Amino acid sequence: MDQALLDLYNAKILELAAKVERGARLTHPDATISKESPLCGSRITVDLVMQDGKVSDYGQIVKACALGTAASSLMAKLIIGKTAAQLCQLRDDMRALLTEAGSPPGPPFKEFEILTPVVPWKSRHGSVMLPFEAAAEAAEIASHIKSGKN
């Protein structure tokens, strides 16, 4: 098997994909966002609750390839306690990593460097970006609602 493919589907990616954290919808979310990758059909729906400007609860339904599912699983592990600004920065950092050969995100999101092998696989970028786009958008909406800036 090609080494690049082995790097892409490494043991950590497959482990994350096999066990999606927070894999259920929330009963009373502050915001819900659904995203789909038109290229591959991967989909995600995220619900989140914000309290004091930070994510306090998160739920998701993911129907994606192993890479998109791994990204979603890791997002669920790291999102609690993060602000909308942090999630927007993470989204932008991941987009730069994938499309501009940028650097992997730094703390508190350093663990997302596990997705670096996806860079040359453009057909997988859309699926991998779903949790980053959905979480950032949902956090921005929830933050505006909580602050009364509908």
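Look a little higher up for the structure.
Nothing here was measured: the structure is a model prediction, and the numbers come from that model. (Residues numbered from 1 in each chain as written. Predicted model: local features only at pLDDT ≥ 70, side-chain atom pairs only at ≥ 80, totals over all residues. Heavy atoms only, no water.)

Engineer: Explain the overall build of the protein chain to me, using residue names and the numbers behind them.
Structural biologist: The secondary structure content of the protein chain amounts to five helices and three strands. Counting from the amino terminus, helix and strand elements in the protein chain follow one another as α-α-β-β-β-α-α-α. The globule rule puts the C-alpha radius of gyration for 150 residues at 15 Å, and the 15 Å found for the protein chain is close to it. Principal-axis analysis of the C-alpha atoms places the extent of the protein chain at approximately 55 × 30 × 25 Å. Total accessible area computed for the protein chain in this model is approximately 7,400 Å², and 52% of it derives from carbon and sulfur atoms. For the protein chain, the separation between the mean place of its 17 positive charges and that of its 17 negative charges on side chains is 3 Å. (Helix = DSSP H or I, 4+ residues; strand = E, 2+ residues; numbered from the N terminus. Rg over C-alpha atoms; globule rule 2.2 N^0.38 Å. Areas by Shrake-Rupley, 256 points an atom, 1.4 Å probe, with all protein chains shown as cover. Lys, Arg positive; Asp, Glu negative; His and termini not counted. Charge placed at Lys NZ, Arg CZ, Asp CG, Glu CD.)

Engineer: Could you give me a rundown of unusual backbone geometry, with the residues and numbers involved?
Structural biologist: In this structure, Pro-108 follows Pro-107 across a cis peptide bond, with omega equal to 5°. Relative to the helices and strands, Pro-108 resides in the loop between helix H4 (84–100) and helix H5 (122–147). Positive phi outside glycine occurs at Arg-22, with the angle close to 50°. The topology assignment puts Arg-22 in the loop between helix H2 (11–18) and strand S1 (31–36). Positioned with a positive phi, Asp-52 is a non-glycine residue whose angle comes to about 55°. Of note, Asp-52 is situated in the loop between strand S2 (43–51) and strand S3 (54–63). Take Asp-52: its relative accessible area is 75%, and that puts it in the exposed class. (Buried < 20%, exposed > 50% of the residue type's maximum accessible area, 1.4 Å probe, protein only.)

Engineer: Give me the state of the cysteines: which residues, what numbers.
Structural biologist: For the structure shown, the criterion picks out zero disulfides. Here Cys-40 is not disulfide-linked; the sulfur of Cys-65 is the nearest cysteine sulfur, at 5.7 Å. What makes Cys-40 partly exposed here is its relative accessible area of 41%. What makes Cys-65 partly exposed here is its relative accessible area of 24%. (Disulfide = S-S within 2.5 Å.)

Engineer: Let's hear about the nonpolar core: which residues, and what values?
Structural biologist: The nonpolar side chains of a soluble globular protein tend to be buried, and buried together. If you look at the biggest cluster of nonpolar residues, it comprises 41 residues, and the most contacted ones within it are Leu-48, Tyr-58, Met-75, Phe-112 and Phe-132. Sorting the residues of this core by element identifies H2, S1, S2, S3, helix H3 (66–78), H4 and H5 as the ones contributing at least two each. Take this core: its biggest share by element is 10 residues, from H5. Other than its neighbours up to four places away in sequence, Leu-48 contacts Leu-26, Pro-29, Asp-30, Ala-31, Val-55, Asp-57, Tyr-58, Ile-79, Ala-135, Ala-138, Ala-139 and Ala-142. (Core = buried A, V, L, I, M, F, W, Y, C linked by side-chain atoms within 4.5 Å. Contact = heavy atoms within 4.5 Å.)

Engineer: Can you lay out the pattern of salt bridges for me, pointing to particular residues and giving the numbers?
Structural biologist: On inspection of all chains with the given rule, the structure shows eight salt bridges. Among the salt bridges present, the one from Arg-91 reaches Asp-92, with a minimum N-O distance of 3.0 Å. Of the charged contacts in the structure, one is a salt bridge between Lys-110 and Glu-113, with a shortest N-O distance of 3.1 Å. For Glu-113, a relative accessible area of 37% puts it in the partly exposed group. Salt bridges linked by common partners bring Arg-91, Asp-92, Arg-95 and Glu-133 together as one network. (Salt bridge = Lys/Arg side-chain N within 4 Å of Asp/Glu carboxyl O.)

Engineer: Please set out H5 residue by residue, giving values where relevant.
Structural biologist: In an α-helix, one full turn covers 3.6 residues, which means residues spaced three or four apart are oriented alike. With 26 residues, H5 should reach 38 Å at 1.5 Å per residue; the first-to-last C-alpha distance of 38 Å fits that figure. Maximal helix bending in H5 amounts to about 40°, located at Met-129; proline Pro-131 follows within four positions. (Expected span 1.5 Å × (residues − 1). Bend = angle between axes of the 7 residues up to and from the residue.)

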